[in-house]
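Geometric and topological summary
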Amino acid sequence: QVQLVESGGGLVQAGGSLRLSCGASGRTFSNYAMGWFRQAPGKEREFVAALSWSGVSTRYADSVEGRFTISRDNAKNTVYLQMNSLKPEDTAVYYCAARTSPLHATPSREYDYWGQGTQVTVSS
């Protein structure tokens with residue numbers, strides 16, 4: 001079992017930055033690919049970013065490419081999402097997810113463990 005806890009969400013003005021963190025329990029964290037997803041009101045959950053077990057390979061949604069950066073610190077069992085140049089359309093609940101595979105993936109169904117989510121609100 002892996003438990004994931006997100007933090008770092010909040011209210012920010014357009015153009016601002018936030019860094020989300022996701023702490024994971026379990027000794028096998030370093031073997032898992034990790035991802036971030038988001039869900040806005042009335043919309044389906046969508047892929048944001050993912051990275052492989054080593055952190056070397058990453059993937060981003062087109063909508064966040066160049067603005068968001070995903071990273072991990074396996075010694076701290078933590079994955080991060082640095083979000084810059086935020087836009088009102090980035091407003092959503094952001095979820096951290098773990099995949100019991102070293103390779104990242106984009107479909108949410110590929111992920112086995114999920115956090116409770118953290119709210120990000122970007123005002124215009």
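Model, not experiment: these values are computed from the prediction.

Points about the overall build of the protein chain
A count of helical and extended segments in the protein chain gives zero helices and eleven strands. Counting helices and strands in the order they occur from the N terminus, the protein chain gives β-β-β-β-β-β-β-β-β-β-β. Relative to the globule expectation of 14 Å for 124 residues, the C-alpha radius of gyration of the protein chain, 13 Å, shows essentially globular dimensions. Its C-alpha atoms give the protein chain principal-axis dimensions of roughly 40 × 25 × 25 Å. Burial analysis of the protein chain (124 residues in total) assigns 44% to the buried set.

As for the sheet that holds strand E8 (residues 78-83)
Strand order in the open sheet formed by four strands is E1-E3-E8-E7, and the pairing between neighbours is antiparallel. Each of the sheet's edge strands pairs with one partner strand only, and the pair in question is strand E1 (4-7) and strand E7 (68-73). Neighbouring strand axes in the sheet, compared pairwise and without regard to direction, differ in orientation by 15° on average. In this sheet, E8 lies alongside E7 in antiparallel orientation, the contact comprising six bridges. Opposite Ser-71, over in E8, you have Tyr-80 as the bridge partner.

Topic: unusual backbone geometry
For Asn-77, which is not a glycine, the phi torsion comes out positive at approximately 55°. Along the chain, Asn-77 falls in the loop between E7 and E8. A positive phi angle is found at Ser-85, which is not glycine, with a value near 50°. Here Ser-85 lies in the loop between E8 and strand E9 (92-99). Residue classification places Ser-85 among the partly exposed positions, given a relative accessible area of 41%.

Considerations on the nonpolar core
As a rule of thumb, soluble globular proteins bury nonpolar side chains together. In terms of nonpolar packing, the biggest core is built from 37 residues, with Leu-4, Met-34, Trp-36, Leu-81, Met-83 and Tyr-94 touching the most fellow members. Within the residue set of this core, elements represented by two or more residues are strand E3 (18-24), strand E4 (33-39), strand E5 (46-51), E7, E8, E9 and strand E11 (118-123). With residues near it in sequence (within four places) discarded, Met-83 still touches Gly-16, Ser-17, Leu-18, Leu-20, Arg-67, Phe-68, Tyr-94 and Val-120.

Quick word on the packing of aromatic side chains
Each aromatic ring pair is characterised by the separation of its centres together with the angle its planes make. A complete count under the given rule lists four aromatic pairs for this structure. Ring plane angle 75° and centroid distance 5.2 Å describe the contact between Phe-37 and Tyr-111, whose orientation is recorded as edge-to-face. Residue Phe-37 is found in strand E4, and its partner Tyr-111 is found in the loop between E9 and strand E10 (113-114); the two are separated by 74 residues along the sequence. In this pair, the class of Phe-37 matches that of Tyr-111, namely buried. With 6.3 Å between their ring centres and 65° between their planes, Tyr-111 and Trp-114 make a pair best called edge-to-face. Given the relative accessible area of 5%, Tyr-111 is considered buried.

Calculation criteria
- Residues numbered from 1 in each chain as written.
- Predicted model: local features only at pLDDT ≥ 70, side-chain atom pairs only at ≥ 80, totals over all residues.
- Heavy atoms only, no water.
- Helix = DSSP H or I, 4+ residues; strand = E, 2+ residues; numbered from the N terminus.
- Rg over C-alpha atoms; globule rule 2.2 N^0.38 Å.
- Buried < 20%, exposed > 50% of the residue type's maximum accessible area, 1.4 Å probe, protein only.
- Pairing = 2+ DSSP bridges.
- Axes fitted to C-alpha atoms, helices over the stretch in contact; angles between N-to-C directions.
- Core = buried A, V, L, I, M, F, W, Y, C linked by side-chain atoms within 4.5 Å.
- Contact = heavy atoms within 4.5 Å.
- Phe/Tyr/Trp six-rings, centres within 6.5 Å; stacked < 30°, edge-to-face > 60°.

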